[in-house]
Amino acid sequence: MIKFICQKIFSLFATLLVLLTLTFFLMKLIPGDPFTDEKALPHEVHQALRIHYGLEDPLNQQYLNYLKSAFRLDFGPSFQGRPVSQIIQETFPISALLGLEAIFLALSVGISLGVFAALQQHKWQAHAILLLASLGISIPSFILAVLLQYVLSIQLNLFPLARWGTFQQSILPSIALAAMPIAYITRLVHNNLSEVLKSDYIKTAHSKGLPPFKIIMNHALKNSLSPLLPYFGQLAANILVGSFVVEKIFGIPGLGQWFVISVFNRDYPMIMGTTLFYSFVLLFLLFIADIVQSFLDPRIRTSI
Amino acid sequence: MKKLFSLIIIGSLLFTACKKDSQSKNESAVIKIAFDHDPTSLDPRLGYDLLTANALQMIYEGLMRIDYHGNVVPGIAESVDISPDHKTYTFLLRESSWSNGTPLTAYDFQESWKSILNPSFPAPNAYQFYYIKGAKAYKEGKIPFEEVGIKANDPKHLVVELENPTPFFLKLVSSFFYLPVSSEMRQPSEKMREEVISNGPYKLNQWKRNDELILVKNPYYWDAKVVSIDKMALTILDENTSFKLFEMDHLDRAGSPTATLPQDAMASLKHQHLLKVKPAAATHWFRFNTEAHPMNHVKIRKAFNKALNRKDIVEHVTQGNQIPATGVVPPTVSWKTVHYFSDNDVPGAWELFQEALIDMNIDKDAFPPVTLTYAATDRDHKIAQAVQQQWTKAFGIKIDLQRLEPKIFSENVLNGHYQIATGSWYADFSDPINFLEIFKYKANASNRTKWENSDYIHLLNASAKETDSLKRSKILEQAEAILMDQMPVAPLFFATFNYLENDNIGGVGLSNLGILDFKYAYIEDTNANLP
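Residues numbered from 1 in each chain as written. Chains lettered and ligands numbered in written order. Predicted model: local features only at pLDDT ≥ 70, side-chain atom pairs only at ≥ 80, totals over all residues. Heavy atoms only, no water.

Turning our eyes to something else, we now look at the overall build of chain B. When its secondary structure is counted, chain B shows 16 helices and 21 strands. Relative to its length of 531 residues, chain B is compact, with a C-alpha radius of gyration of 26 Å against a globular reference of 24 Å. Residue pairs in contact within chain B that sit at least 24 positions apart in sequence constitute 69% of those at least 6 positions apart. A total accessible area of about 22400 Å² is found for chain B, and carbon and sulfur atoms account for 52% of it. Distance between charge centroids for chain B: 2 Å, based on 56 positive and 64 negative side chains. (Helix = DSSP H or I, 4+ residues; strand = E, 2+ residues; numbered from the N terminus. Rg over C-alpha atoms; globule rule 2.2 N^0.38 Å. Contact = heavy atoms within 4.5 Å. Areas by Shrake-Rupley, 256 points an atom, 1.4 Å probe, with all protein chains shown as cover. Lys, Arg positive; Asp, Glu negative; His and termini not counted. Charge placed at Lys NZ, Arg CZ, Asp CG, Glu CD.)

Right under this line is the structure:
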């Protein structure tokens, strides 16, 4: 087991290093720099700024410098002057809190709907839920976000339109974030549970006269939820670090916006910082999902 | 299921109850404004976009300021004395202090400007000081600061010597480039200071990054008695969200110059008479790459210029009461409006095009396809499509559109990788020279057309030495005529600032440079508007 975990940790850091290197050089390939603008600075001023911020150093030297400071967990100041780690520290909790709400919503609603649809097999309720789920997967979150704003805020005046700070303000964005995962989880749970319900041991349980509720909770659900685990790792990483679109539409000062803003602004330290942070969260959660799964299913451990 | 429904209903009632509660505490005078993004910095030496300039002008005040009517009036300076040769300006400072209570002196201005010009300081705007004697040489490390024409004789007097008589110097001094920086913020430090000490009508109270800047009235401002707004909230919002919040009465101001309005909403806003419009000292144009075939041919450039239907674009695409441009210098800046050509002159364009083909000795079918490059914004995309149609219709040739991410666009145009490109200029100070100087040298980073003309350079140099304003205007007019005769740029329209502003609010100044002034802002009887 320890060997398995060590292997996983090693591959996590190796992947991070590869990502760091790729991101660094790809980012430098994009034309433009933080000071390129429609209103151009005089050439010598532009050049002086580039020299001041070390952008004129040879690329391999810039890379080594970055690597050295990244090992010390120093991600440098962003071009706005504030340390990258400080920006992440301030904005990540906001995105994470919103993300947790959305994950809670996705899991509770998704699993309930999935179970319900599986139990109502071939009835109209099940068809309606599955149809909604298909819609949920295909509607992009920005359309849903605007729709939610229009109906629940502007027309019905039930929730605040935008901004961040109160629980009410977090409801619309978390619904917008959760919609697609809800749809996905519903379908996943429905498919798995329907399969499991057809299996022999469930039939046996029925014929033994166990109450249906107990059969679902104790026997069927446990086995039909395990495929959720690998999906959950990815979902959690995506949702926790924030979504550009949802944060932009609802005016939420989370981390998600920085992924896009930093690229538009060519804010190199910020691009690196956000990419590394996201990669770390994603890889870490996948790692946890792997470990948990290996406990549930020992075959995974021995196969590596 | 029934339980769940009742829960939702009770819940929603609770939320609406909370909301009403927060609306009723409206005792202090607060103005809420939409901002498109965070200011780049609240250190005046580091900012360089219009939004940042606005945030800076709210919390700082320079020696001169622009008043409600757009005139340059004394600010921290009580008066200014100009020498007969127009080269020495002596500013007498009034009694004033920083927002932490320490007195503001002429030395603060001297040291602020010195630090911008310091060769090792990364100041994007240092070149705006090059009108001052020795400033450029000091920035390049060639002379000591003692030889630069900036000198505080005592705490009250600041003397500035200029290289040339510069008739727009006081306008320049009223811009954010020349704002003072407190000694605390001047301390060289790697980290940007979180605390901002300023000297304007308002001061920074809180800056929640990427979310909101809260400004409050600055009690130490020298003219604090006229400031009637207690608090300003500058909220960072997406254009669609800010538009909706304005409609729901949660915002007092949306749109330019600190943000944008959704292009799709313009027509209906105009129809409902909600859209407010102020002319800007700004021109949108098409740059021609004058070194690349076929745009190196002046008749082709002029033909493309003549075939533009500017009125159509202004009325049906941009829809913000912009003025079709038949010159480079906007009317709000100019001595008079000169029409160098007429708009939508398709027959004239066709004639020039034919002449050019004969000169080039080619057939129309052999004319190469022309690419129009533009930055991927909603508005530019619509403009490009309209112009593509106009040119195709006028000449029967193929026009390709190339849409690029904004920074890649700027980089490509700067390096001359284009044939025709969209572009614009928003003035730094309200004088024709600010527009004409762009095209003075090929090497100017903002020129990008590769065009240079010795007569043009000669005229601009002459204008810098001319102290008589009427004669100077004549010289600049001649220069503009050369520019329009050679046509390295085809003017499209003179821009406007389009915004929504709550009718309760008055006294907000907006200069043609796009600088808002909230010093004299007030809110009319707010109780009358409560339900």
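The helix and strand inventory of chain A stands at 14 helices and zero strands. By principal-axis analysis of the C-alpha atoms, chain A measures approximately 85 × 60 × 30 Å. For chain A, the proportion of its 304 residues judged to be buried stands at 45%. Look at the contacts in chain A between residues 6 or more apart in sequence, and 74% of them connect residues 24 or more apart. Of the accessible surface of chain A, which amounts to about 15300 Å², a share of 71% is contributed by carbon and sulfur atoms. A distance of 15 Å separates the average location of the 20 positive side-chain charges in chain A from that of its 15 negative side-chain charges. (Buried < 20%, exposed > 50% of the residue type's maximum accessible area, 1.4 Å probe, protein only.)

A few words on a nonpolar patch on the surface. Residues and elements named next belong to chain A. On the surface, Ile 9, Phe 13, Phe 280, Phe 284, Ile 288, Val 292 and Leu 296 cluster together into a nonpolar patch covering about 610 Å² of accessible area. Those elements that place two or more of their residues in the nonpolar patch are α1 (2–29) and α13 (268–296). When residues in the nonpolar patch are grouped by element, the largest group, five residues, is from α13. Position of Ile 9 relative to the elements: it lies in helix α1. Residue classification places Ile 9 among the partly exposed residues on the basis of a relative accessible area of 36%. (Patch = residues over 30% accessible without salt bridge, like charges linked within 9 Å, V, L, I, M, F, W, Y side chains within 5 Å. Salt bridge = Lys/Arg side-chain N within 4 Å of Asp/Glu carboxyl O.)

Of the residues lining the interface, 43 residues belong to chain B; the matching set on chain A comes to 47 residues. Interface area, chain B with chain A, both sides summed: about 4100 Å², of which 56% is carbon and sulfur. For the pair chain B and chain A, the number of links is five salt bridges. Linking A:Arg163 and B:Asp211 is a salt bridge whose minimum nitrogen-to-oxygen distance equals 3.0 Å. On inspection of chain B and its partner chain A, the count reaches 13 residue pairs in polar contact (both at pLDDT 80 or more). Going through the elements one at a time, α1 (2–24), α7 (239–247), α13 (406–414) and β16 (420–426) of chain B are the ones with two or more residues in the side of chain B that touches chain A. Of the residues that constitute the side of chain B that touches chain A, the class distribution is 18 nonpolar, eleven polar and 14 charged. (Buried area = accessible area lost by both parts, 1.4 Å probe. Polar contact = N/O pair within 3.5 Å; in protein donor to acceptor, adjacent residues only side chain to side chain. Nonpolar A, V, L, I, M, F, W, Y, C, P; charged D, E, K, R; others polar.)

Quick look at empty space enclosed by the protein now. Residue and element names in this part refer to chain B. Tallied over the full model, the rule gives four cavities of 30 Å³ or more. In this structure, the largest cavity is lined by 18 residues; those nearest its centre are Gln 57, Arg 65, Ile 66, Ile 515 and Asp 517. Looking at the lining of the largest cavity, the element that brings in the most residues is strand β2 (residues 64–66), giving three residues. Partitioned by chemical class, the residues of the lining of the largest cavity number eight nonpolar, six polar and four charged. The volume enclosed by the second largest cavity comes to roughly 60 Å³. Lining the second largest cavity are Thr 326, Gly 327, Val 329, Pro 330, Pro 331, Ser 334, Lys 336, Thr 337, Val 338, Tyr 340, Glu 480 and Phe 494. (1 Å grid on protein atoms, 1.4 Å probe; cavity = no way out; pocket = protein on both sides within 12 Å on 5 of 7 lines; lining within 4 Å. Points joined across faces, edges and corners; volume = space filled by probe spheres on them.)

Turning our attention to unusual backbone geometry. Residue and element names in this part refer to chain B. With an omega of 10°, the peptide bond between Ser 256 and Pro 257 qualifies as cis. In this chain, His 293 is followed by Pro 294 through a cis amide linkage whose omega measures 0°. Structurally, Pro 294 can be placed in the loop between β12 (276–288) and α9 (298–306). Despite not being glycine, His 86 has its phi angle at roughly 60°, a positive value. Residue placement: His 86 occurs in the loop between β4 (77–82) and β5 (88–93). Phi is positive for Lys 450, close to 65°, though the residue is something other than glycine. Tracing the chain through its elements places Lys 450 in the loop between α14 (433–436) and α15 (454–465). Given the relative accessible area of 29%, Lys 450 is considered partly exposed.

Residues and elements named next belong to chain B. With respect to topology, four strands assemble into an open sheet ordered β4-β5-β7-β6, the strand pairing being antiparallel. Here the strands that pair on one side only, and so sit at the sheet edges, are β4 and β6 (150–154). Averaged over all pairs of adjacent strands, the angle between their axes in this sheet comes to 20°, without regard to strand direction. In this structure, β4 lies alongside β5, joined through five bridges in antiparallel fashion. Pairing of Ser 79 across the sheet is with Leu 92, part of β5. (Pairing = 2+ DSSP bridges. Axes fitted to C-alpha atoms, helices over the stretch in contact; angles between N-to-C directions.)

The next thing to look at is the packing of aromatic side chains. The full count for this structure, using the stated rule, is 34 aromatic pairs over all chains. Their ring planes at 65° and their centres at 5.0 Å tell us that B:Tyr89 and B:Phe169 sit as a pair that is edge-to-face. Taken as a pair, B:Tyr89 in strand β5 and B:Phe169 in helix α5 (residues 169–173) lie far apart in primary sequence, 80 residues in all. Like B:Phe169, B:Tyr89 is buried. Arranged with centres 5.3 Å apart and planes meeting at 65°, the rings of B:Trp285 and B:Phe439 form a pair that is edge-to-face. Of the two residues, B:Trp285 sits in strand β12 while B:Phe439 sits in the loop between α14 and α15, which places them 154 residues apart along the sequence. Accessibility classification places B:Trp285 together with B:Phe439 in one group, the buried group. Taken together, the ring pairs in this structure connect B:Tyr89, B:Phe91, B:Phe109, B:Trp113, B:Phe129, B:Phe169 and B:Tyr178 into an aromatic cluster. The ring centre of B:Trp425 lies 4.3 Å from the NZ or CZ of A:Lys39, which sits over that ring. Positioned above the aromatic ring of B:Trp207, the side-chain terminus of B:Arg209 is 3.6 Å from the ring centre. (Phe/Tyr/Trp six-rings, centres within 6.5 Å; stacked < 30°, edge-to-face > 60°. Lys NZ or Arg CZ within 6 Å of the ring centre and 35° of its normal.)

A few words on the packing of α1(A) against α13(A). For any two helices packed against each other, one specifies the crossing angle of their axes together with the interaxial distance. Residues and elements named next belong to chain A. Axis separation between α1 and α13 bottoms out at 10 Å; the angle between their running directions is 155°. As summarised for this structure, α1 and α13 are arranged roughly antiparallel, according to the angle between their axes. The way α1 lies across α13 gives a crossing that is right-handed. The residue makeup of the contact of α1 with α13, split by class, is 18 nonpolar, five polar and three charged. (Parallel < 35°, antiparallel > 145°, perpendicular 65-115°, else oblique. Left-handed = near helix turned anticlockwise from the far one by under 90°.)

Before going further, it helps to spend a moment on the pattern of salt bridges. One pass over the structure, following the stated rule, counts 33 salt bridges over all chains. The partner of B:Arg253 in a salt bridge is B:Glu501, and the shortest N-O contact between them spans 3.1 Å. A residue pair is termed long-range when its members are at least 10 positions apart, and B:Arg253 in strand β11 (residues 253–255) and B:Glu501 in strand β17 (residues 489–501) qualify at 248 residues. The pair formed by B:Arg253 and B:Glu501 is uniform in burial state, with each residue classed as buried. With a closest N to O distance of 3.0 Å, B:Asp485 and B:Lys302 form a salt bridge. Of this pair, B:Asp485 sits in helix α16 (residues 469–486) while B:Lys302 sits in helix α9, and the two are 183 residues apart along the sequence. Residue classification places B:Lys302 among the partly exposed positions, given a relative accessible area of 23%. What you see here is one network of salt bridges that share partners, running through A:Arg163, B:Lys208, B:Asp211 and B:Glu212.

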